[in-house]
2 protein chains.
Amino acid sequence: MTSSVPVSTAAASAAQAKESVTCPMDFILRMLMGPWTTYILYNLRSHGPQRFGELKRRVSGISAKMLTERLRTLEGASLVKRDYEATIPPKVTYSLTKRGHELDDVMGRLAEIGMRWETEDAAARAARAAEQLRAAE
Amino acid sequence: MTSSVPVSTAAASAAQAKESVTCPMDFILRMLMGPWTTYILYNLRSHGPQRFGELKRRVSGISAKMLTERLRTLEGASLVKRDYEATIPPKVTYSLTKRGHELDDVMGRLAEIGMRWETEDAAARAARAAEQLRAAE
DNA sequence: CCGTATCCCCGGGGATACTG
DNA sequence: CAGTATCCCCGGGGATACGG
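Computed from a predicted model, the values in this text were never measured in an experiment. (Residues numbered from 1 in each chain as written. Chains lettered and ligands numbered in written order. Predicted model: local features only at pLDDT ≥ 70, side-chain atom pairs only at ≥ 80, totals over all residues. Heavy atoms only, no water.)

All right, on to the sheet that holds strand S2 (residues 80-85) of chain A then. All names here are of chain A. Strand order in this open sheet of three strands is S1-S3-S2, and the pairing throughout is antiparallel. Only two strands of the sheet have a single neighbouring strand rather than two, namely strand S1 (50-51) and S2. Pairing between S1 and strand S3 (residues 91-96): two bridges, direction antiparallel. Looking at the pairing, Arg51 lines up with Thr93 of S3. Each of S1, S2 and S3 is contacted by helix H3 (residues 37-47), which is oriented at about 95° to S3, the strand it contacts most. Strands S2 and S3 of the sheet are contacted by helix H5 (residues 64-76), whose axis makes an angle of about 115° with S2. (Pairing = 2+ DSSP bridges. Helix = DSSP H or I, 4+ residues; strand = E, 2+ residues; numbered from the N terminus. Contact = heavy atoms within 4.5 Å. Axes fitted to C-alpha atoms, helices over the stretch in contact; angles between N-to-C directions.)

A separate point is the sheet that holds strand S1 (residues 50-51) of chain B. Residues and elements named next belong to chain B. A sheet is described by the order of its strands in space; here three strands give the open sequence S1-S3-S2, paired in antiparallel fashion. Strands with a single pairing partner mark the edges of an open sheet, and in this sheet they are S1 and strand S2 (80-85). Sheet analysis places S2 next to strand S3 (residues 91-96), joined by six bridges and oriented antiparallel. Within S3, the position partnered with Asp83 by the bridge is Thr93.

All names here are of chain A. Mapped onto the fold, Glu54 is located in helix H4 (residues 52-58). Taking the C-alpha atoms as reference, Glu54 lies 24 Å from Ala111; in sequence the two are 57 residues apart. Reaching out from Glu54, the side chain makes a polar contact with the backbone nitrogen of Arg51 at a distance of 3.1 Å. (Polar contact = N/O pair within 3.5 Å; in protein donor to acceptor, adjacent residues only side chain to side chain.)

Okay, the confidence of the model for chain A next. All names here are of chain A. When pLDDT is averaged along chain A, the result is 83; 82% of the residues meet or exceed 70. For chain A, per-element mean pLDDT is lowest for helix H1 (residues 10-18), which scores 37, and highest for S3, which scores 98. Between residues 1-21, whose pLDDT stays under 50, and residues either more than four places distant or in other chains, the model counts 88 contacts. (pLDDT = per-residue confidence, 0-100.)

Right, let's get into the packing of helix H7 (residues 104-136) of chain A against helix H7 (residues 104-136) of chain B. Relative orientation of the contacting elements H7 of chain A and H7 of chain B amounts to 160°, with a least axis distance of 10 Å. Taken together, the axes of H7 of chain A and H7 of chain B lie roughly antiparallel to each other. Here the hand of the crossing between H7 of chain A and H7 of chain B comes out left-handed. Facing H7 of chain A, whose interface residues are Asp105, Val106, Arg109, Leu110 and Ile113 of chain A, H7 of chain B presents Asp105, Val106, Arg109, Leu110 and Ile113 of chain B. The class makeup of the residues in the contact of H7 of chain A with H7 of chain B is six nonpolar, no polar and four charged. (Parallel < 35°, antiparallel > 145°, perpendicular 65-115°, else oblique. Left-handed = near helix turned anticlockwise from the far one by under 90°. Nonpolar A, V, L, I, M, F, W, Y, C, P; charged D, E, K, R; others polar.)

This structure, assessed with the given rule, holds 22 salt bridges over all chains. Here Asp105 of chain A ties to Arg109 of chain B by a salt bridge, and the two come within 2.8 Å at their closest N and O atoms. Highlighted residues: Asp105 of chain A in helix H7 and Arg109 of chain B in helix H7, drawn from two different chains. For Arg109 of chain B, a relative accessible area of 30% gives the class partly exposed. Between Glu120 of chain A and Arg116 of chain A there is a salt bridge, with the nearest N and O atoms lying 3.5 Å from each other. Pair noted here: Glu120 of chain A and Arg116 of chain A are both in helix H7, with a separation of four residues, about one helical turn. For Glu120 of chain A, a relative accessible area of 33% translates into the label partly exposed. Salt bridges here are not isolated pairs; linked through shared partners, they connect Arg99 and Glu102 of chain A together with Glu112, Arg116, Glu120 and Asp121 of chain B. (Salt bridge = Lys/Arg side-chain N within 4 Å of Asp/Glu carboxyl O. Buried < 20%, exposed > 50% of the residue type's maximum accessible area, 1.4 Å probe, protein only.)

Okay, structure coming up:
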């Protein structure tokens, strides 16, 4: 998700709405589609609540600016919770909200489908390669 | 999804892989996350196979360049099928592949969750507004 | 440690014009 | 009709430096 992941422009969304061809899952996908979002949610799921720096280290390559922006967005969508402890040094912990966990089974299904396709594609490639060899003989 | 939706950069993906914190659903989400992608899949689902111009009209606001690029990507991922008839004028029809339809139930679930959240949020806003009024009296 | 502020650059994507 | 080619511009996002 390094590239920009502008999902759709506001103008486009407006246009969609006008045409009343609105997509019910657009809102939620627009969220998931954000750059780095899946990595963030995935890490919060698999490693549990964690601090900003921890998360930043795990989602390798992300900039602080980007991570902050994504977390704020997810927070705004009530998918992620931010816990601030005003100790010195300060300690901020992020975790999935109840709503965030509602995506668990969908995420699981997507992961399952993704993995199945991956193996199917690998098998197809292997079959093609074998065919190539056979033809070459 | 008007904005650019570069999901993650190749570098980021590579970094992820290196850290072996790979997300199994990343591939598939990277696909769904592409700009306009959901609109396209949604339209192909609800209106069935259709021609380029038809699709372009429905996904209002999208440019020909973008639509072409997205369709090529979806084709490459075997989610969409392209049928070309060399008549004059030429006729090109796009439709979901079998694999494309494998996303149907996940899409359905996402749509359901999205709509539920929408109504929940609307209710919450209404409650808040009512509270405001009550406080103002 | 957890951010925000500033700067700057690159390329994504729209508009237009043109071809098969 | 279904694209491709060209141009051009805007802002997304990284790097750096700094504040709470």
